[in-house]
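What follows is each chain in one-letter form.
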Amino acid sequence: MTIDSEPQNEMCLLSLPHKTNDAAEPNWIRLLTVVVFALAILAIGITLTCRLMWADEFLSLYTARVASIGDLLHIQANYPVALDPLGYPLLAHIAISLFGANAIAMRLPSAIGFVLMMACVCVSVRRVYSARAGILAMAMLLTTSSLYYASEARPYGLLLGFSAAVLTAWQAAIRQNNRIIPLLCLAGAIFACLECHYFALLIPAALVLLECIRTARYKKFDFPVILAVLAGSTAVLTWLPFLHAASQYRTHYYTRISWRTLDIIHAICQAYVSILLISKSNTQMLLIAVLVILSAVGLRSAIRAWRDRPTNRLTDDELAFIVFAALPVGGVFLSLLTSGAFDPRHT
């Protein structure tokens, strides 16, 4: 008992949140959360309906508008036009069946994915710091280039949403006593990520790295979390019938990357710019003005929470934030190690 008490105490200290008391949060915080979500839906709705479809979206349309799911599987297994796993083409096919073959139907899954990401980011940051910091983090997403993926008929909006859901479910799984629902959500979110894009393989890899760090810290192996990660990763088995057909395109893919140091640095910069660059669209410029107001509220709260943290070491949540923020770097090296084909959106 004496031997185990110190690691267990440290585990509690580093895995529990160090946020301020949510019970003291005024009602205007909840109102502000609703306002930010309303702004998100408005911004997504504007781009969803006003922007013309472009080449890659038409490739997705050609696959998704087929007569049946059987035809969809046949195309993906033999002569795929959109080089993605089944997740997005299947959802787009269902959306077309319900709403017709149009831009809104094709982009709807991505819009839902982006809203899911906003909700999960808010919950994750709120859980660690405060409600105000969570609102700020959520609002920041509306001012960056990642908003573009909310209205693109491609799998990236869904991938953003499910990736954020993975992080939120993992946070719940490592801190709750009754972990059945968080673990099921974790496995499901990983499975959904892997059905959106082949490069989503980095998501379970990131969780394995985090669990290795936690095992070294606490001298305790969290078997249920690892089991959930493995269960979600079984989605790679659904790739097998489609990998051969998709791999035929890698030799002549329109963008390539080499092992030269400058090429790697350039690719990493491109990856971060593709999701973090502040856009200059009129809609987002208005949202930036709102963010300036929110920043004074959220930043002060986050700084106070950081100052009052119970330990000088990074918590499990903060390590997770860092590891997930580094995923684009892993994406660049995954491109080099596999196909050599690189697109910033893939990371």
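Everything numeric here is computed off the predicted structure, so don't read it as measured data.

**Q** So, the overall build of the protein chain: which residues are in play, and what are the values?
**A** Helix and strand counts for the protein chain come out as 16 helices and zero strands. By the burial criterion, 51% of the 347 residues in the protein chain qualify as buried. If you take every contact in the protein chain between residues at least 6 apart in sequence, the share linking residues at least 24 apart comes to 81%. Counting only carbon and sulfur atoms, one obtains 71% of the accessible surface of the protein chain, whose full area is about 16,800 Å².

**Q** Describe in detail the nonpolar core, supporting the description with residues and values.
**A** One finds F114, V166, W170, L186, L207 and F324 to be the most contacted residues of the largest nonpolar core, which totals 70 residues. Examining the composition of this core, we find that ten residues originate from one element, helix α8 (residues 156-175), more than from any other. Excluding anything up to four places from it in sequence, F324 contacts S163, V166, L167, I203, A206, L207 and L210. Ranked by size, the runner-up nonpolar core spans seven residues in total, among them I264, I268, V332 and L336.

**Q** Give me the lowdown on unusual backbone geometry, citing residues and values where you can.
**A** The phi dihedral of K219 falls on the positive side, at around 55°, and the residue is not glycine. Here K219 is to be found in the loop between α10 (202-218) and α11 (223-233). A relative accessible area of 68% means that K219 is categorised as exposed.

**Q** Let's hear about the packing of aromatic side chains: which residues, and what values?
**A** Within the structure shown, the criterion is met by five aromatic pairs. When the centroid spacing of 5.7 Å and the interplanar angle of 80° are considered together, the rings of Y148 and Y149 count as edge-to-face. We classify Y148 as partly exposed; its relative accessible area is 34%. Here the aromatic rings of Y198 and W239 are separated by 4.9 Å at their centres, their planes lie at 85°, and the arrangement is edge-to-face. You can see Y198 sitting in the loop between α9 (180-196) and α10 and its partner W239 sitting in the loop between α11 and α12 (240-247), a full 41 residues away along the chain. Looking at W239, the relative accessible area reads 8%, which means it is buried. Among the aromatic residues, ring-to-ring pairing joins Y148, Y149 and Y156 into one connected group.

**Q** How would you summarise helix α15 (residues 316-325) if you had to cite specific residues and measurements?
**A** Across the ten residues that make up α15, a large majority, seven, are buried. Along α15, the positions that sit buried rather than exposed are D316, D317, E318, L319, A320, V323 and F324.

**Q** So what's going on with the side chain of E211? Residues and values would help.
**A** Positionally, E211 belongs in helix α10. When near neighbours in sequence (up to four residues on either side) are disregarded, E211 contacts W170, I174, D222, V225 and I226.

**Q** Which residues make up the pattern of salt bridges, and what values do they have?
**A** In this structure the tally under the stated criterion is nine salt bridges. R107 serves as the salt-bridge partner of E57, at 2.9 Å between the closest nitrogen and oxygen. In this pair, E57 sits in helix α3 (residues 55-64) while R107 sits in helix α6 (residues 103-128), placing the two residues 50 residues apart along the sequence. Accessibility assignment for this pair places E57 and R107 in one class, buried. Close ionic contact of E211 with R214 constitutes a salt bridge, the shortest N to O distance being 3.0 Å. One end of the pair, E211, and the other, R214, are both in helix α10, three residues apart, so they sit about a helical turn from each other. It is possible to trace a salt-bridge network through shared partners that takes in R179, E211, R214, R217, D222 and D316.

**Q** Explain the confidence of the model for the protein chain residue by residue, including any values.
**A** Chain-level statistics for the protein chain give a pLDDT mean of 81 and a share of 80% at 70 or above. Taking the mean pLDDT of every element in the protein chain, the minimum, 45, falls on helix α1 (residues 2-15) and the maximum, 96, on α9. Throughout residues 1-10 the model reports pLDDT below 50, and contacts reaching past four residues in sequence, or to other chains, amount to five contacts.

**Q** I'd like a description of α8, backed by residues and values.
**A** In a regular helix each residue adds 1.5 Å, so 20 residues correspond to 28 Å; α8 covers 29 Å between its end C-alpha atoms and thus fits that length. Counting buried positions along α8 yields 18 of 20 residues, so the element is predominantly enclosed.

**Q** Give me the lowdown on the side chain of S163, citing residues and values where you can.
**A** Within the fold, S163 resides in helix α8. Excluding residues within four positions of it along the chain, S163 makes contact with C193, I203 and F324.

**Q** Requested: an account of a nonpolar patch on the surface, with residues and values cited.
**A** Residues I69, L73, L90, L91, I94, L98 and F99 make up a contiguous nonpolar surface patch of about 610 Å² in total accessible area. Secondary-structure elements contributing two or more residues to the nonpolar patch are α4 (69-78) and α5 (87-99). With five residues, the top contributor of residues to the nonpolar patch is α5. The residue L91 is located in helix α5 in this model. When its relative accessible area of 36% is taken as the criterion, L91 is described as partly exposed.

**Q** An account of the environment of A326 is requested, with residue identities and associated values reported.
**A** Secondary-structure assignment places A326 in the loop between α15 and α16 (327-337). Residue A326 is classed as partly exposed on the basis of its relative accessible area, which comes to 35%. Measuring from C-alpha to C-alpha, the distance between A326 and Y272 comes to 9.5 Å, with 54 residues separating the pair along the chain.

What counts, and where the lines are drawn
- Residues numbered from 1 in each chain as written.
- Predicted model: local features only at pLDDT ≥ 70, side-chain atom pairs only at ≥ 80, totals over all residues.
- Heavy atoms only, no water.
- Helix = DSSP H or I, 4+ residues; strand = E, 2+ residues; numbered from the N terminus.
- Buried < 20%, exposed > 50% of the residue type's maximum accessible area, 1.4 Å probe, protein only.
- Contact = heavy atoms within 4.5 Å.
- Areas by Shrake-Rupley, 256 points an atom, 1.4 Å probe, with all protein chains shown as cover.
- Core = buried A, V, L, I, M, F, W, Y, C linked by side-chain atoms within 4.5 Å.
- Phe/Tyr/Trp six-rings, centres within 6.5 Å; stacked < 30°, edge-to-face > 60°.
- Salt bridge = Lys/Arg side-chain N within 4 Å of Asp/Glu carboxyl O.
- pLDDT = per-residue confidence, 0-100.
- Expected span 1.5 Å × (residues − 1).
- Patch = residues over 30% accessible without salt bridge, like charges linked within 9 Å, V, L, I, M, F, W, Y side chains within 5 Å.

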